[in-house]
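# Descriptive structure summary
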Amino acid sequence: MANFDLSKYIPVHSRITSFYERYPDGRIVTELVSLNEESGFVCIKASAFRACDDAEPSSTGHAFEIRGQGYVNTTSFIENGETSAIGRALANLGFAIENGIASREEMEKVQRMTAAAAQNGDRSVPIQPAQRS
């Protein structure tokens, strides 16, 4: 199992709340970059705009999920990916990065992937540098 303290990671909803407190006219836009229905892979991009009329985002973030990897992803892998992408976009804008860029949701994904790999006998699943605290 992955070796980190999940309680040290900020949930995405906290970053969203802070974003709208600082930028009440801001907006967060997500888009589906890739969806493979057969394999269940989804990649989501989130863009954070400081003002509603900004033409270019102030920051972006990407995330992927795989359908069926963990209980929630059986039905909500797209939503889960969207949440993680938003968290990364807001972290890239500087929201709640005291303990690193990864959100609690991303680190929960690390736990799911590590558990799935261990279940399949593969103990070589590394934690990516961006996910370390």
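Right above here is the structure, for reference.
How each quantity is defined
- The numbering scheme is per chain: residues are counted from 1 as the chain's sequence reads.
- With pLDDT at 70 or above as the cut-off, local features in this predicted model cover only qualifying residues; side-chain atom pairs require 80 or more to be listed or tallied, and sums for whole chains, interfaces and linings still use all residues.
- With hydrogens and water set aside, each side-chain value is computed from the structure's full complement of heavy atoms.
- In this scheme, strands are said to pair when DSSP sees at least two bridges between them.
- Going along the chain from the N terminus, every DSSP run of H or I of four or more residues is numbered as a helix, and every run of E of two or more is numbered as a strand.
- To obtain each axis, a line is fitted to C-alpha atoms, and for helices this fit is confined to the stretch in contact; angles are then taken between N-to-C directions over 0 to 180 degrees.
- In this description, contact between two residues means that some pair of their heavy atoms is separated by no more than 4.5 Å.
- Surface patches are defined over residues having more than 30% relative accessible area and no salt bridge, joining like charges when they lie within 9 Å and nonpolar side chains (Val, Leu, Ile, Met, Phe, Trp, Tyr) when within 5 Å.
- All accessibility values rest on the Shrake-Rupley procedure with a 1.4 Å probe; residue burial counts only the protein chains present in the view.
- Whenever a carboxyl oxygen of Asp or Glu lies within 4 Å of a side-chain nitrogen of Lys or Arg, that contact is scored as a salt bridge.
- We call a residue buried when its accessible area falls under 20% of the maximum for its residue type, exposed when it is over 50%, and partly exposed in between, using a 1.4 Å probe and counting protein chains only.
- For a helix, the expected span equals 1.5 Å multiplied by the residue count minus one.
- Throughout, the bend at a residue refers to the angle made by two axes, fitted to the seven residues ending there and to the seven starting there.
- By convention a nonpolar core is built from buried Ala, Val, Leu, Ile, Met, Phe, Trp, Tyr and Cys residues, the set being connected through side-chain atoms within 4.5 Å.

### A look at the sheet that holds strand β1 (residues 27-36)
Strand order across the open sheet formed by 3 strands is β1-β2-β3, with antiparallel pairing between neighbours. The strands lining the two open edges of the sheet, one partner per strand, are β1 and β3 (59-66). Between one strand and the next, the sheet's axes are offset by a mean angle of 20 degrees, whatever the strand orientation. Along the sheet, helix α1 (residues 12-22) contacts β1 and β2 (41-49); its crossing angle with β1, the most-contacted strand, is approximately 140 degrees.

### Quick look at a nonpolar patch on the surface
On the surface, a cluster of nonpolar side chains totalling about 220 Å² of accessible area is made up of Leu32, Leu35 and Ile78. Note on Leu32: relative accessible area 46%, which makes it partly exposed.

### Considerations on helix α2 (residues 73-92)
Taking 1.5 Å per residue, 20 residues should reach 28 Å; α2 reaches only 25 Å between its end C-alpha atoms and comes up short. At Glu79, α2 shows its largest bend, some 40 degrees. Among all positions in α2, only Asn73, Phe77, Asn80, Gly81, Ser84, Ala85, Ile86, Gly87, Arg88, Ala89, Leu90 and Ala91 are buried. Phi turns positive one or two residues past the end of α2, at Gly94, with a value near 100 degrees.

### Some points on the pairing of β2
Most of β2 sits out of view: 7 of its 9 residues are buried. Across 9 bridges, the pairing between β1 and β2 is antiparallel. Along β2, the bridge assignment pairs Arg27 with Phe49. Remark: 4 residues form the turn of the hairpin made by β1 and β2, two consecutive strands paired antiparallel; Gly40 in that turn has positive phi of roughly 80 degrees. Looking at chain direction, β2 and β3 are connected through 8 bridges and run antiparallel.

### As for the pattern of salt bridges
For the structure shown, the criterion picks out 1 salt bridge. Of the charged contacts in the structure, one is a salt bridge between Arg67 and Glu37, with a shortest N-O distance of 4.0 Å. Taken together, the positions of Arg67 in the loop between β3 and α2 and Glu37 in the loop between β1 and β2 put the pair 30 residues apart, joining distant regions of the chain. A relative accessible area of 32% means that Arg67 is categorised as partly exposed.

### Notes on the nonpolar core
Among the nonpolar cores identified, the biggest contains 15 residues, and Phe19, Leu90, Leu93 and Phe95 are the most heavily contacted of them. Breaking this core down by element, the ones donating at least two residues are α1, β2 and α2. At 5 residues, the largest contribution of residues to this core is made by α2. Once residues lying within four places of it in the same chain are set aside, the contact partners of Phe19 are Gly26, Arg27, Ile28, Ala48, Phe49, Leu90, Leu93 and Phe95. Among the nonpolar cores identified, the runner-up in size contains 5 residues, and Phe4, Tyr9, Ala102 and Val110 belong to it.

### What to know about the environment of Ile66
Tracing the sequence through the fold places Ile66 in strand β3. Taking C-alpha positions, Ile66 is 9.5 Å from Asn36, a pair spaced 30 residues apart along the chain. Contact partners of Ile66, with chain neighbours within four places excluded, come to Ser39, Gly40, Phe41, Asn73 and Phe77.

Interpretation in functional terms is not warranted from these geometric data alone.
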